[in-house]
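Each chain, written out:
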Amino acid sequence: MDTPHTAQFSQTDSVDLVLHTAREQFLVSPQEETRLWIKNAEGSFERLCNTRVTVLDAALKTGQVVVMETRNKDGTWPSAQPHDTRSTLEEEEDFQGQPGICGLTNLGNTCFMNSALQCLSNVPQLTEYFLKNRYLEELNFCNPLGMKGEIAQAYADLVKQAWSGHHRSIVPQVFKTKVGHFASQFLGYQQHDSQELLSFLLDGLHEDLNRIKKKEYVELCDAAGRPDQEVAQEAWQNHKRRNDSVIVDTFHGLFKSTLVCPDCGNVSVTFDPFCYLSVPLPVSHKRVMEVFFVSMDPRRKPEQHRLVVPKKGKISDLCVALAKHTGISPERMMVADVFSHRFYKIYQLEESLSSILDRDDIFIYEVSGRAAIGENSREDVVLPIYLRERTPARDYNSSYYGLMLFGHPLLVSVPRDRLSWDALYHILLYRLSRYVTRPSSDDEDDGDEKADLEDKDRLPKPGRVTEGSSQDPGLEQAGPSSRVVSRSRAPVDNSPGPSHWPQRARRKHLFTLHTVNSNGTSDRSTFNEDTHGVSFSSQPYIAIDWEPEMKKRYYDEVEAEGYVKHDCVGYVLKKAPVQLQECIELFTTVETLEKENPWYCPTCKQHQLATKKLDLWMLPETLIIHLKRFSYTKFSREKLDTLVEFPIRDLDFSEFVIKPQNDSSRELYKYDLIAVSNHYGGLRDGHYTTFACNKDSGQWHYFDDSSVSPVTENQIESKAAYVLFYQRQDVARRLQTQASSSKPPASSACGAPPKSEFVDVN
């Protein structure tokens, strides 16, 4: 710290004069950047950001100590660094690399922020604007829509550090704190979207650097039949009367918006500014779904199928697609979502496929034909079947047993005239025969087995409890429960039908049967009482309960879990790549407004679902194109991993701009790529990185948080491309011409406590 100096100032003098005087007295070179601090009576320091105010407005008093701080060569401020990092700073200042080739440390799920910052940092004219300190003259401290210049200054600090050439990587902690302070959605360390942060940052920089200190009221005017050029010029002038900054100069363009009322035909034409284009991706109307088909033939293993169905189709469409592979009629199929060994949901044919997520385990079961209900109908009853194993409970009562679900559940068709427990037992034994061994003659018991079920234990009439069967014996009882109820999904007659089956030879039963609820647990509260008697209101679910020894002896778990893959699973369904120009064409396509966002027609005097068309009228120097990969609807959310092919050079927008052009102006619509924000992963998680072209060397680099590596142009295009930055070619040529010009003198800046020279204000 240098020896303090004393200087005298009038109360009407500006703080800028104080800074200028301090720079002269301490012989600070014009290239060095400085800022002022005020030392309070308590000994703390306070930043003096706005140097345009007077000494009186800044509340500087006689004897006030003002400290001037000089920025380090590596772009940092001495006051922003802890004392124990001085040696590290010296090492960093000794390091000399390519300016701009600097990583950003991931502070915890901040890759989205790092990606957006790297893209913006590699916009040449914006970076030059900060490096040459032109922003200092345009900081707007009084804009109520701005952030008191703090976002602009925090971003400037990052740019100066990254482009000093003295850092391999930097920690953007101060910037992260500033962003969280002004935008609460970015507080903490949750995952966010790089495009959302980019939108906030561009708006924040614009308001902090807005040259318009007092915004006037501007009334928006409709075209009212006037020529487009006249209306567009008026709209742009009105926009510039309230918004004039380096962000407007660099990134803002102009749309033409045309709305047509479907009732009266009234046409409304307006011209609106934009900062980036959010273009849709062509979406396929088909969807690929993987399902498992379970045949009624117990000898056949479940088959895995990959089916192509309409994205907005129904469950019936899924069955029709499967029928083409299996030859089984769609009418003989039932679709279910299986989760944790139970049926999470059994679908109706008319339900939408959008309710099924890609991660769901979908099983399609073959069932018997669904004949119409008639007097002599022999229609089958479809029963959901669960598998459970008895296990000793973890308590002091050794006689109590718990039940654990295992294996895959089944949907089994049972003939109506065989609705007895004994018949059901043998039907299920047949369905499980691929992986359940039948007892041999040596396993015959002496006729005293508790699990032996006779025809007198017939199932009650579906939907009603037979006389004397209203009590549930419970799961602890060895025999099956005697209640099964009806469900609209499985059509059931109201009469049990004839079923006088002869007495079967007594053999050891491998398992017992119980009615349970849809969760696979005992259900004692599914009945309602009315004037007609006691009825049940839920689907009959049957549980097959195994004793551990019997399961170990007769149940083959490996075989039970086995399945085969249909030939269709091996087919690789390649998505055709999409050209960027196709996305832009989609963006300019006529669309009808949604019900949630109607347009008020001034002629009809009511809200209408008008048709809307957006056209490009004027394009900015740097064009940001946001590929809308994330799709959100009422029923589904998905990320589109379509490969979008985009040119590195010579992207021609002349065919998309409707503003009248002459032959020479066509050159103003050619763009070259300068940066790409990438997103890898899905909706729930992912990682952001950046490809960017260095403005000085012309070399492309890959920025992955703190890691930076050179890449070739053929590595840039990928399915991860999310936000594209294009530079107009005439701007690039202009910047190259200006590259040899000398740097202007540095002035003041703004940010936290100090080190260097200080001066007394008298």
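As a reminder, the structure under discussion sits directly above these lines.
Residues numbered from 1 in each chain as written. Predicted model: local features only at pLDDT ≥ 70, side-chain atom pairs only at ≥ 80, totals over all residues. Heavy atoms only, no water.

Each helix and strand counted, the chain has 15 helices and 37 strands in total. Residues classed as buried in the chain amount to 49% of the 762 residues present. Restricting to contacts in the chain with at least 6 residues of sequence separation, those with at least 24 account for 74%. Accessible surface, the chain as shown: approximately 38,000 Å² in total, 49% of it carbon and sulfur. (Helix = DSSP H or I, 4+ residues; strand = E, 2+ residues; numbered from the N terminus. Buried < 20%, exposed > 50% of the residue type's maximum accessible area, 1.4 Å probe, protein only. Contact = heavy atoms within 4.5 Å. Areas by Shrake-Rupley, 256 points an atom, 1.4 Å probe, with all protein chains shown as cover.)

Our focus in this paragraph is the pattern of salt bridges. Using the criterion set out here, one finds 34 salt bridges in the structure. Linking R388 and D545 is a salt bridge whose minimum nitrogen-to-oxygen distance equals 2.7 Å. With R388 in strand β15 (residues 380-392) and D545 in strand β20 (residues 541-546), the pair connects residues that are 157 residues apart, well separated along the chain. Of the two residues, R388 and D545, both sit in the buried class. Residues participating in the shared-partner salt-bridge network are E138, R211, K240, D244 and D249. (Salt bridge = Lys/Arg side-chain N within 4 Å of Asp/Glu carboxyl O.)

Viewed as axis vectors pointing N to C, helix α5 (residues 150-162) and helix α7 (residues 194-208) meet at an angle of 110°, and their least axial separation amounts to 8 Å. By the angle class used here, α5 and α7 are roughly perpendicular. When you trace α5 past α7, the crossing you get is left-handed. Contacts between α5 and α7 pair E150, I151, A152 and Y155 from the former with F200, L201, G204, L205 and D208 from the latter. Partitioning the contact of α5 with α7 into residue classes produces 6 nonpolar, 1 polar and 2 charged. (Axes fitted to C-alpha atoms, helices over the stretch in contact; angles between N-to-C directions. Parallel < 35°, antiparallel > 145°, perpendicular 65-115°, else oblique. Left-handed = near helix turned anticlockwise from the far one by under 90°. Nonpolar A, V, L, I, M, F, W, Y, C, P; charged D, E, K, R; others polar.)

To continue, consider unusual backbone geometry. Trans is the common state for peptide bonds, and a negative phi is the common state for residues other than glycine. For S340, which is not glycine, the phi dihedral falls at a positive 55°. In this fold, S340 is placed in the loop between β12 (333-339) and β13 (342-346).

It is at 8 Å that the axes of helix α3 (residues 111-121) and α7 come closest, and there the two elements cross at 50°. What the angle tells us is that α3 and α7 run oblique. For the crossing formed where α3 meets α7, the hand is right-handed. Between α3, through F112, M113, A116, L117 and L120, and α7, the contact on the second element is made entirely by S194, L197, L198, L201, L202 and L205.

Turning our eyes to something else, we now look at the sheet that holds β13. With respect to topology, 6 strands assemble into an open sheet ordered β13-β12-β14-β10-β11-β21, the strand pairing being mixed. One side of each edge strand has no neighbouring strand; the edge strands of this open sheet are β13 and β21 (564-565). Where strand β10 (residues 286-294) meets strand β14 (residues 362-366), 4 bridges bridge the pair, whose relative direction is parallel. Paired with V291 across the bridge in β14 is I362. Those strands touched by helix α10 (residues 315-326) are β10, β11 (303-310), β12 and β14, and its axis lies near 125° from that of β11. (Pairing = 2+ DSSP bridges.)

The next point concerns the sheet that holds strand β23 (residues 591-592). Read from one edge to the other, the open sheet built from 4 strands follows the order β8-β7-β26-β23, with strand pairing classed as antiparallel. With one partner strand each, in any of the chains shown, β8 (267-274) and β23 form the two edges of the open sheet. Summarising the sheet, β23 and strand β26 (residues 611-618) pair through 2 bridges and their orientation is antiparallel. Considered in β26, the bridge of T592 is made with T611. Its contacts with the sheet put helix α8 (residues 228-242) on β7 (253-260), β8 and β26, and the angle it makes with β8 is roughly 40°.

Turning our eyes to something else, we now look at the packing of aromatic side chains. On inspection of all chains with the given rule, the structure shows 25 aromatic pairs. With a centroid separation of 5.2 Å and 40° between ring planes, the pair formed by F130 and Y135 is classed as tilted. Accessibility expressed as a relative area gives 0% for F130, which makes it buried. Here Y135 falls in the buried class, since its relative accessible area comes to 1%. Geometrically, the ring pair formed by Y425 and F511 is tilted, given 4.7 Å between the ring centres and 45° between the ring planes. Note that Y425 is positioned in helix α11 (residues 421-431) and F511 in strand β17 (residues 511-516), a separation of 86 residues in sequence. Positioned above the aromatic ring of Y189, the side-chain terminus of K176 is 4.6 Å from the ring centre. One cation-aromatic arrangement involves K551 over F406; the distance from NZ or CZ to the ring centre is 4.6 Å. (Phe/Tyr/Trp six-rings, centres within 6.5 Å; stacked < 30°, edge-to-face > 60°. Lys NZ or Arg CZ within 6 Å of the ring centre and 35° of its normal.)

Our next topic: α5. Here α5 spans 18 Å end to end across 13 residues, near enough to the 18 Å set by a 1.5 Å rise per residue. Counting buried positions along α5 gives 12 out of 13 residues, so the element sits mostly inside the fold. All of the buried residues along α5 are I151, A152, Q153, A154, Y155, A156, D157, L158, V159, K160, Q161 and A162. (Expected span 1.5 Å × (residues − 1).)

Glancing now at the environment of N210. Mapped onto the fold, N210 is located in the loop between α7 and α8. Linking N210 and L139, residues 71 residues apart in sequence, is a C-alpha distance of 7.4 Å. Apart from the residues lying within four places of it in its own chain, the contact partners of N210 are E138, N140, N143, K215, R242, N243, D244 and S245. Within the structure, the side chain of N210 is placed 3.1 Å from the backbone nitrogen of I212, a separation counted as a polar contact. (Polar contact = N/O pair within 3.5 Å; in protein donor to acceptor, adjacent residues only side chain to side chain.)

The final tally for this structure, using the stated rule, is 7 cavities of 30 Å³ or more. Size it by volume and the largest cavity reaches roughly 200 Å³. Sorting the residues of the lining of the largest cavity by element identifies β14 and β16 (401-415) as the ones contributing at least two each. Looking at the lining of the largest cavity, the element that brings in the most residues is β16, giving 4 residues. Partitioned by chemical class, the residues of the lining of the largest cavity number 11 nonpolar, 3 polar and 5 charged. (1 Å grid on protein atoms, 1.4 Å probe; cavity = no way out; pocket = protein on both sides within 12 Å on 5 of 7 lines; lining within 4 Å. Points joined across faces, edges and corners; volume = space filled by probe spheres on them.)

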